[in-house]
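Read off the chains here:
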Amino acid sequence: QVQLVESGGGLVQPGGSLRLSCAASGRISSINIMAWYRQPPGKQRELVATISIGGSTVYLDSVRGRFTISRDYARNGVYLQMNNLKPEDTAVYYCSWYPRRESDVWGQGTQVTVSS
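Rules behind the numbers
- Residues numbered from 1 in each chain as written.
- Predicted model: local features only at pLDDT ≥ 70, side-chain atom pairs only at ≥ 80, totals over all residues.
- Heavy atoms only, no water.
- Core = buried A, V, L, I, M, F, W, Y, C linked by side-chain atoms within 4.5 Å.
- Buried < 20%, exposed > 50% of the residue type's maximum accessible area, 1.4 Å probe, protein only.
- Contact = heavy atoms within 4.5 Å.
- Helix = DSSP H or I, 4+ residues; strand = E, 2+ residues; numbered from the N terminus.
- Disulfide = S-S within 2.5 Å.
- Salt bridge = Lys/Arg side-chain N within 4 Å of Asp/Glu carboxyl O.

**Q** Any chance you could explain the nonpolar core here in plain terms?
**A** What tends to happen in soluble globular proteins is that the nonpolar side chains get buried as a cluster. Counting 27 residues, the largest nonpolar core has Met34, Trp36, Phe67, Leu80, Met82 and Tyr93 as its most contacted members. Each residue touching Phe67, except ones within four places of it in the same chain, is listed here: Arg38, Val48, Tyr59, Leu80, Gln81, Met82, Asn83, Leu85, Asp89 and Tyr93.

**Q** Would you mind going over the side chain of Thr50 with me for this structure?
**A** As for its position among the elements, Thr50 is in strand S5 (residues 46-52). Contact partners of Thr50, with chain neighbours within four places excluded, come to Ile33, Met34, Ala35, Ser56, Thr57, Val58, Ile69 and Tyr98.

**Q** Please explain the state of the cysteines as it appears in this structure.
**A** Each disulfide consists of one covalent bond between the sulfur atoms belonging to two cysteines. Applying the stated criterion across every chain, the model contains one disulfide. With its sulfur 2.2 Å from that of its partner, Cys22 forms a disulfide with Cys95. Every disulfide takes its handedness from the sign of the S-S torsion; for Cys22 and Cys95 that torsion is -75°, giving left-handed. With Cys22 in strand S3 (residues 18-24) and Cys95 in strand S9 (residues 91-97), this pair connects stretches of sequence that are 73 residues apart. Note on accessibility: Cys22 and Cys95 belong to one class, buried.

**Q** Can you walk me through the environment of Gln3 in this structure?
**A** Its location among the elements puts Gln3 in the segment before strand S1 (4-7). Given a relative accessible area of 45%, Gln3 falls into the partly exposed group. Considering only alpha carbons, one finds Gln3 and Ser62, 59 residues apart in sequence, at a separation of 28 Å. Not counting residues up to four positions away in its chain, the partners in contact with Gln3 are Ala23, Ala24 and Ser25.

**Q** What exactly am I supposed to notice about the pattern of salt bridges here?
**A** Any two side chains of opposite charge can pair, on the condition that their charged atoms come close. For the structure shown, the criterion picks out six salt bridges. Notably, a salt bridge pairs Asp61 with Arg64, separated by 2.9 Å at the nearest N-O pair. Overall, Arg64 belongs to the partly exposed group, its relative accessible area being 47%. With its nearest N and O atoms 4.0 Å apart, the salt bridge here joins Arg75 to Asp72. Relative accessible area serves as the criterion here: at 25%, Asp72 is assigned to the partly exposed category. Connected via shared salt-bridge partners are Arg38, Glu46, Arg66 and Asp89.

Listed below in structure tokens is the structure:
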């Protein structure tokens, strides 16, 4: 199974920006839909954004217009540009494919904390 490693998280003030990166151990160019998920503290994991091989994107309502998902086939990576961050964006962010199987293993994620 392809292993994914997320990075780029950190502490940022409200209104700030972060760019998350996802590096893969194997080729992800053949995976139709790649995605970013997040798990806020004390809540269930949720789907944040998806991108297809063709470049079609879908976003969670609360992040649409602020977040941009992209994929780079040359670098074998997936990215999430997050602008105008809000405290409610605080979560551990995970990169994966969509849909996932129950047996699919999550990466370690990257912590994003939005706080003044």
